[in-house]
Amino acid sequence: MMEYLLPNQLHSDVDKGDGSIKYILSGEGASSIFIIDENTGDIHATKRLDREEQAYYTLRAQALDRLTNKPVEPESEFVIKIQDINDNEPKFLDGPYTAGVPEMSPVGTSVVQVTATDADDPTYGNSARVVYSILQGQPYFSVEPKTGVIKTALPNMDREAKDQYLLVIQAKDMVGQNGGLSGTTSVTVTLTDVNDNPPRFPRRSYQYNVPESLPVASVVARIKAADADVGPNAEMEYKIVDGDGLGVFKISVDKDTQEGIITIQKELDFEAKTSYTLRIEASNKHVDPRFLSLGPFSDMTTVKIIVEDVDEPPVFSSRLYSMEVSEATQVGNIIGTVTAHDPDSSNSPVRYSIDRNTDLERYFNIDANSGVITTAKSLDRETNAVHNITVLAMESQNPSQVGRGYVAITILDINDNAPEFAMDYETTVCENAQPGQIIQKISAVDKDEPSSGHQFYFSLTADAANNHNFSLKDNKDNTASVLTRRNGFRRQEQSVYYLPIFIVDSGSPSLSSTNTLTIRVCDCDADGIAQTCNAEAYILPAGLSTGALIAILACVLTLLVLVLMIVTMRRRKKEPLIFDEERDIRENIVRYDDEGGGEEDTEAFDMAALRNLNVIRDTKTRRDVTPEIQFLSRPTFKSIPDNVIFREFIWERLKEADIDPCAPPYDSLQTYAFEGNGSVAESLSSLDSISSNSDQNYDYLSDWGPRFKRLADMYGTSQDGLYS
């Protein structure tokens, strides 16, 4: 039998103390935490034990014969219980704490509960028995020692004075006795706001100056009643409770700043009233009945508004003038009158004008002094039925001050437009039409708009009233019907009929017009639907067979081909540019950078100047160019009678150009080097002049005009310049 002699010793009844018995230990923690002396059975712990980690260990012990190593007794099981000691301090697992409590709360108002836990054995001694105390936060708050409930300890704590407190709470085990372990946590307590402060204006009166020209809805002033509360407890309501500006001003609240915004409801007029006094009340929107004893939660102030005078533009007696005028009125007739005045005390005279951007066609005029509007042009209601113009009124002493008035002029209608067909009718009549058959229904339109509506009357003109083909029936409903009078219409006889219709309106005086209805004769099917309206070709006269017609056409084509071939060959034949020996050919090296004016330019060049120097000078300007300065125009020459050679030369070249198939299909400049025979100026060739070593004086070239200026510069003064 195994016995536990000591808390840490095992002993077997078989053991005589002679060392023949040995002890072994197995189970939870054996060899690692607990070991046994195999000779004596003493059990030892190999390391420090922590009850909070494991409170119980279950082990098994057995006694063995040392020689045979066989059990001498059955295995015995035992439990080792770890006895607790106070080795764990209390801990606040949820700390640090934050809490809130309304300001002005009574004493004893619960704020928050704190809880500390101790890992020691609560069933053994006082190691786990915790008590709470407050180390910081007195005298404002207290804590229940056993429950850890924090409460207010002072009345009337004011958030506006101090809105946050930091508390330090201690939890100590061993029921708070000396030697006990302790832990602490912090608690932040915030006082929440209540409406315990009434609004108060910083000043008992305010004064603001505003110009009378300030537009409606503009802000005049901002005032604010101070309130130490925050959030909804500081929300304000403002209202005007008294004063002479109740209908002129209004006050609203700015939800972001809780300011009272005073704005204008009506236009200000310095000449009518120079100042306004307002009594304004500010009150809290949300009042707490618990604090009504602190006083009324509203306040009053006085606001005085001074209106400043400004130079205002003229003001019209009406914002919109409505006038009517007949479109038949004569130019210069009076339509109506507008009036404006200077609202300032100076009452400056006013001058009127029309904003021409609203009267681009200048239909109207206005008298600058009286404001009388008259017609400046004939009016046409059908073009524009209503004219909206803007009239400007300007102060005589200060033209920058301009007022605007608006005038709507309605043009009254007169009967000045004759009726006409409502559309372009495409009328047809069948060849097999019967007498009395309706072939077209017509109506009319009139640009006029009589107050009683349109009434048109239709009839045939006097010339067409007795025709034997068609008749007209007035339907008395602003329409008329065209009917046939006979049958047997034939396209071969007449394919188109023109029927003049006379239309009269009901105006006073009435107007009329004659409109022509075109009626085409058509071939129709059995249902009366037109199939074709073209006149059929007549049958060719007898006597010409098909073969004869083909022969005639072949002859005509052959003649056309021959004519085309002859013309083509003549066009290709060109006259050579080499002249007869009888004609004197000279080289013309003078270049004129001038361009002709085409076929109409007959005065740009006159070749006769090269033929004879004795010409009659006549200063003319080109007809195709408008000169900027008259004396710079091109001088031309009147040719003398002996210019036949040049005329023939030009005409021959003109004929060649006309039949030249390679010539461009537009006006072009043709240049020819021909001086004629027996020129008084002789040869102008630069090559001939240089090779001749002539001492001839060429100064006369400067008298020939601008065309010979270059030659005059080359030969008139010094020939050495040619080679420089």
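Check the entry above for the structure.
Residues numbered from 1 in each chain as written. Predicted model: local features only at pLDDT ≥ 70, side-chain atom pairs only at ≥ 80, totals over all residues. Heavy atoms only, no water.

Chemist: Explain the overall build of the chain here, please?
Modeler: Each helix and strand counted, the chain has five helices and 41 strands in total. Counting every position in the chain, which comprises 724 residues, the buried fraction comes to 35%. Within the chain, counting contacts between residues at least 6 apart in sequence, those at least 24 apart form 65% of the total. Working note: accessible area of the chain is about 43,800 Å², and carbon and sulfur atoms make up 51% of it. (Helix = DSSP H or I, 4+ residues; strand = E, 2+ residues; numbered from the N terminus. Buried < 20%, exposed > 50% of the residue type's maximum accessible area, 1.4 Å probe, protein only. Contact = heavy atoms within 4.5 Å. Areas by Shrake-Rupley, 256 points an atom, 1.4 Å probe, with all protein chains shown as cover.)

Chemist: Even after reading the chapter, I still don't get the sheet that holds strand S30 (residues 402–412), so can you show me in this structure?
Modeler: Where strands meet in a sheet, backbone hydrogen bonds hold them as pairs that are either parallel or antiparallel. With respect to topology, four strands assemble into an open sheet ordered S23-S30-S29-S26, the strand pairing being mixed. The strands lining the two open edges of the sheet, one partner per strand, are strand S23 (320–326) and strand S26 (350–354). Between one strand axis and the next, the sheet turns by 30 degrees as a mean value, whatever way the strands run. Looking at chain direction, S23 and S30 are connected through seven bridges and run parallel. When the sheet's bridge partners are listed, Val 325 is paired in S30 with Ile 411. (Pairing = 2+ DSSP bridges. Axes fitted to C-alpha atoms, helices over the stretch in contact; angles between N-to-C directions.)

Chemist: What is the right way to read the sheet that holds strand S9 (residues 110–113) from this model?
Modeler: With respect to topology, three strands assemble into an open sheet ordered S9-S12-S11, the strand pairing being antiparallel. A strand with exactly one partner marks an edge of an open sheet, and here the two such strands are S9 and strand S11 (141–143). Taking the axes of each pair of neighbouring strands and ignoring which way they run, one obtains an average angle of 25 degrees across the sheet. Sheet topology places S9 next to strand S12 (residues 149–152); three bridges connect them, and they run antiparallel. Bridging across to S12, Ser 110 finds its partner in Lys 151.

Chemist: What is the right way to read the environment of Val 504 from this model?
Modeler: Mapped onto the secondary structure, Val 504 falls in strand S37 (residues 496–504). Linking Val 504 and Phe 458, residues 46 residues apart in sequence, is a C-alpha distance of 6.7 Å. With sequence-adjacent residues up to four places away left out, Val 504 is seen in contact with Pro 419, Gln 455, Phe 456, Tyr 457, Ser 510, Leu 511 and Ser 512.

Chemist: Explanation requested: the nonpolar core in the structure shown.
Modeler: One recurring pattern in soluble globular proteins is that nonpolar side chains are buried together. Within the largest apolar cluster, 27 residues are counted, with the highest numbers of intra-cluster contacts made by Phe 458, Phe 470, Val 482, Leu 499, Ile 501 and Ile 519. Secondary structure elements with two or more residues in this core: strand S32 (427–430), strand S33 (438–445), strand S34 (457–460), strand S35 (470–474), strand S36 (479–484), S37 and strand S38 (512–524). At five residues, S38 tops the list of elements feeding residues into this core. When neighbours within four sequence positions are excluded, Phe 470 is seen to be in contact with Val 429, Ile 439, Leu 460, Val 482, Leu 483, Thr 484, Arg 485, Phe 489, Tyr 497, Leu 499 and Ile 519. Ranked by size, the runner-up nonpolar core spans 23 residues in total, among them Ala 221, Ala 225, Val 248 and Ile 251. (Core = buried A, V, L, I, M, F, W, Y, C linked by side-chain atoms within 4.5 Å.)

Chemist: Looking at this structure, how should I read the pattern of salt bridges?
Modeler: Note that side chains of opposite charge can pair when their charged atoms are close. Per the stated rule, a full pass over the model turns up 19 salt bridges. For Lys 151, the salt bridge is made with Glu 144, and the minimal N-O distance between the two is 3.5 Å. With relative accessibility at 33%, the residue Glu 144 sits in the partly exposed group. The partner of Asp 244 in a salt bridge is Lys 273, with the nearest N and O atoms 3.2 Å apart. With Asp 244 in the loop between strand S17 (236–243) and strand S18 (249–253) and Lys 273 in the loop between strand S19 (260–264) and strand S20 (275–284), this pair connects stretches of sequence that are 29 residues apart. (Salt bridge = Lys/Arg side-chain N within 4 Å of Asp/Glu carboxyl O.)

Chemist: What should I look at first to understand the packing of aromatic side chains in this one?
Modeler: The geometry of two aromatic rings is summed up by the distance between their centres and the angle between their planes. Taken as a whole and judged by the stated rule, the model has 14 aromatic pairs. The interplanar angle of 70 degrees and the centroid separation of 5.5 Å between the aromatic rings of Phe 141 and Tyr 165 together place this pair among those described as edge-to-face. Of this pair, Phe 141 sits in strand S11 while Tyr 165 sits in strand S13 (residues 164–172), and the two are 24 residues apart along the sequence. Across the pair, exposure class does not vary: Phe 141 and Tyr 165 are buried alike. Ring geometry for Phe 316 versus Tyr 352: centroids 6.5 Å apart, planes at 55 degrees, classification tilted. Placement of the pair is Phe 316 in strand S22 (residues 315–316) and Tyr 352 in strand S26, with a sequence separation of 36 residues. Phe 316 gets classed as buried once you look at its relative accessible area, which sits at 10%. Every member of this aromatic cluster is reached through a ring pair, and the members are Tyr 140, Phe 141 and Tyr 165. Across the ring face of Tyr 363, the terminal group of Lys 377 is positioned such that the distance to the ring centre comes to 5.1 Å. Between Arg 486 and the ring centre of Phe 489, over which it is positioned, the NZ or CZ distance is 4.1 Å. (Phe/Tyr/Trp six-rings, centres within 6.5 Å; stacked < 30°, edge-to-face > 60°. Lys NZ or Arg CZ within 6 Å of the ring centre and 35° of its normal.)

Chemist: Could you clarify how one ought to interpret the state of the cysteines in this entry?
Modeler: As used here, a disulfide is simply a covalent bond connecting the sulfur atoms of two cysteines. What the rule picks out here adds up to two disulfides. In this model, Cys 430 is linked to Cys 524 through a disulfide, with the two sulfur atoms separated by 2.0 Å. Measuring the twist about the S-S bond at about -90 degrees, one finds the Cys 430-Cys 524 disulfide to be left-handed. Of this pair, Cys 430 sits in strand S32 while Cys 524 is found in strand S38, placing the two residues 94 residues apart along the sequence. Per residue, the accessibility class of Cys 430 equals that of Cys 524, and both read buried. Shown here is the disulfide that connects Cys 522 with Cys 533, its sulfur atoms set 1.7 Å apart. Between Cys 522 and Cys 533, the disulfide has an S-S torsion of 100 degrees and is therefore right-handed. Within this pair, whereas Cys 522 is found in strand S38, its partner Cys 533 is found in the loop between strand S39 (530–532) and helix H1 (546–572), the two being separated by 11 residues in sequence. Accessibility assignment for this pair places Cys 522 and Cys 533 in one class, buried. With its disulfide-bonded cysteines labelled consecutively along the sequence, the chain is connected as 1-3, 2-4. (Disulfide = S-S within 2.5 Å.)

Chemist: Even after reading the chapter, I still don't get unusual backbone geometry, so can you show me in this structure?
Modeler: Note: most peptide bonds trans; most residues except glycine with negative phi. Each neighbour pair has its own omega, and for Gln 138 with Pro 139 the value is 5 degrees, a cis peptide bond. Looking at the secondary structure, you find Pro 139 in the loop between strand S10 (131–136) and S11. Backbone torsion omega between Ser 508 and Pro 509 reads -5 degrees, so that peptide bond is classified as cis. Look at Asn 156: it is not a glycine, yet its phi comes out positive at around 55 degrees.

Chemist: Would you mind showing me how to read the side chain of Asp 474 here?
Modeler: Following the sequence through the fold, Asp 474 ends up in strand S35. A polar contact of 2.9 Å, which involves the side chain of Asp 474, links it to the backbone nitrogen of Phe 458. For Asp 474, the side chain forms a polar contact with the main-chain nitrogen of Lys 476, separated by 2.9 Å. Discounting chain neighbours no more than four positions away, the residues touching Asp 474 are Phe 456, Tyr 457, Phe 458, Thr 479 and Ala 480. (Polar contact = N/O pair within 3.5 Å; in protein donor to acceptor, adjacent residues only side chain to side chain.)

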